[in-house]
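Structural features, examined
So the chains spell out like this:
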Amino acid sequence: MPHIVDRVINTYSQTLYYPPLLRTFRIDSVVRHLLVFFTRLYIQLCWREGTKGTTDATNAPIVSLTSFPARLNDVGIVVESLLRQEKRAKRIMLWLSKEQFHNIEDLPKQLLAQREKGLEIHLVDGDLRSHKKYFYVFQEFPQDRIILVDDDIIYPSTFIKDLEQNFSPERVHCSYGNIIGRDEQGKLLPYGKWKPIFEKYDGADIFFGSGGGTMLVPAKLGSDTLNSNLFLQLCPTEDDVWLNAQCYLAGLRIVKVRSGLIF
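Residues numbered from 1 in each chain as written. Predicted model: local features only at pLDDT ≥ 70, side-chain atom pairs only at ≥ 80, totals over all residues. Heavy atoms only, no water.

Some words on the overall build of the chain
What counts is decided by this rule: A run of H or I in DSSP becomes a helix once it reaches four residues, and a run of E becomes a strand once it reaches two; helices and strands are each numbered from the N terminus. Residue exposure (1.4 Å probe, protein chains only): buried if accessible area is under 20% of the type maximum, exposed if over 50%, otherwise partly exposed. The contact rule is simple, with two residues in contact once any of their heavy atoms fall within 4.5 Å. The Shrake-Rupley method, run with a 1.4 Å probe, gives the accessible areas here. Residue values count only the displayed protein chains as cover.
When you go through the chain residue by residue, the secondary structure sums to 9 helices and 11 strands. Within the chain, the fraction of its 263 residues that count as buried is 50%. Considering only residue pairs separated by 6 or more positions, the chain has 80% of its internal contacts joining residues 24 or more positions apart. On the chain, roughly 13,200 Å² of surface is accessible, and the fraction owed to carbon and sulfur atoms is 53%.

Given below as structure tokens:
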């Protein structure tokens, strides 16, 4: 399965370079939606196949994500793409709020079945929204390499291997990001005017989208990273803003290590 999915993801990435005329008529958007549909269908058909890849339990990162009721039926497809990595994670941890999910056994059967393949499902008190993605795993594993992902993205089979290449605790490796935009006076432009980064990039002006796939070591981030009172006050729904700020405050080097898109 991984090789076919990887080829589809590569094709999806190529739609970025469609001629302007095709973008004008939204043909590129139609193609991307069809690719996503057929990839999800293919993964579901292959669901019962055994997972592949290798895991060195002493030297593998931890993958962490969160979700909410409206997306839960699709999370299993995301998890399946993470289970089928060339280099597998030490743990895959899904954090759900008890305010939204009262009993683990009431979750979709396909998702529950993935616990036998390595998925861990944790119900937590309260609801920190998207901040759940990192908040609990950072507390439990401050010295580990953590990979943050989203609940609506299919990841290629080389995703973890690519993030690990040349990684060090003083760096943040991301799969998705934008160049921070400023006007002639040096003031920040609106986020919608920041340029997405399609190729590998190493610079001092990257804003990463954590869920696109971001590897970091929690202990290296700013001292306020886990200050829930502060981030719920300043950016309650914008975990990316908070995490980027904490990385820059700590002086970490942010690098985009993969080319193309994931979906």
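Next comes the rest of the write-up.
A short note on the sheet that holds strand β3 (residues 119–124)
For clarity, the cut-off: For two strands to be treated as a pair, DSSP must find no fewer than two bridges joining them. Only the stretch in contact is used when a helix axis is fitted, and all axes are lines through C-alpha atoms; the angle between N-to-C directions ranges over 0 to 180 degrees.
One open sheet holds the 8 strands; their spatial order is β3-β2-β1-β4-β10-β5-β11-β8, and the pairing between them is mixed. At either end of the open sheet lies a strand with only one pairing partner, and these are β3 and β8 (201–202). The sheet contact formed by strand β1 (residues 62–66) and strand β4 (residues 146–148) spans 3 bridges and is parallel. Opposite S64, over in β4, you have L148 as the bridge partner. Against the sheet, helix α4 (residues 72–83) touches β1, β2 (91–97) and β3, its axis set at about 165° to β2. Of the strands in this sheet, β1, β2, β3, β4 and β10 (214–216) are in contact with helix α6 (residues 132–140), which crosses β2 at around 120°.

With respect to the pairing of β2
Quick reminder of the rule: By convention, a crossover is right-handed whenever its connection, traced from the first strand over the helix to the second and viewed with the strands pointing away, goes clockwise.
Where burial is concerned, most of β2 is hidden: 6 out of the 7 residues are buried. Bridge count between β1 and β2: 5 bridges; the pairing is parallel. When the sheet's bridge partners are listed, V63 is paired in β2 with I92. Once the chain exits β1 it traverses α4 before rejoining the sheet at β2, and the crossover so formed is right-handed. With 6 bridges connecting them, β2 and β3 associate as parallel partners. Looking at β3, one finds that L96 is bridged to L123.

Here's the deal with the pairing of β1
The side chains of a regular strand alternate, residue by residue, between the two faces of the sheet. By the criterion of burial, β1 is predominantly enclosed, with 5 of the 5 residues buried. On β1, burial covers both faces: I62, S64 and T66 on one face and V63 and L65 on the other are all buried.

Quick word on the layout of surface pockets
Which entries qualify depends on this criterion: Using a grid of 1 Å spacing that covers the protein atoms alone, one calls a set of points a cavity when a 1.4 Å probe fits there but cannot get out, and a pocket when the set is open and has protein on both sides within 12 Å along at least five of seven lines; lining residues are those with an atom within 4 Å of a point. Grid points are joined across faces, edges and corners, and a volume is the space filled by probe spheres set on the points. Three residue categories are used. Nonpolar comprises Ala, Val, Leu, Ile, Met, Phe, Trp, Tyr, Cys and Pro, charged comprises Asp, Glu, Lys and Arg, and polar comprises the others, including Gly.
Roughly 270 Å³ of volume is contained in the largest pocket. T66, F68, R71, S130 and D151 are, among the 15 residues lining the largest pocket, the residues nearest its centre. Grouping the amino acids of the lining of the largest pocket by side-chain chemistry returns 3 nonpolar, 4 polar and 8 charged.

Description of the environment of L96
Mapped onto the fold, L96 is located in strand β2. Spatially, the C-alpha atom of L96 lies 9.7 Å from that of L128, the residues being 32 residues apart in sequence. Residues in contact with L96, not counting those within four places in the same chain, are S67, L72, F101, L107, I121, H122, L123, V124 and K132.

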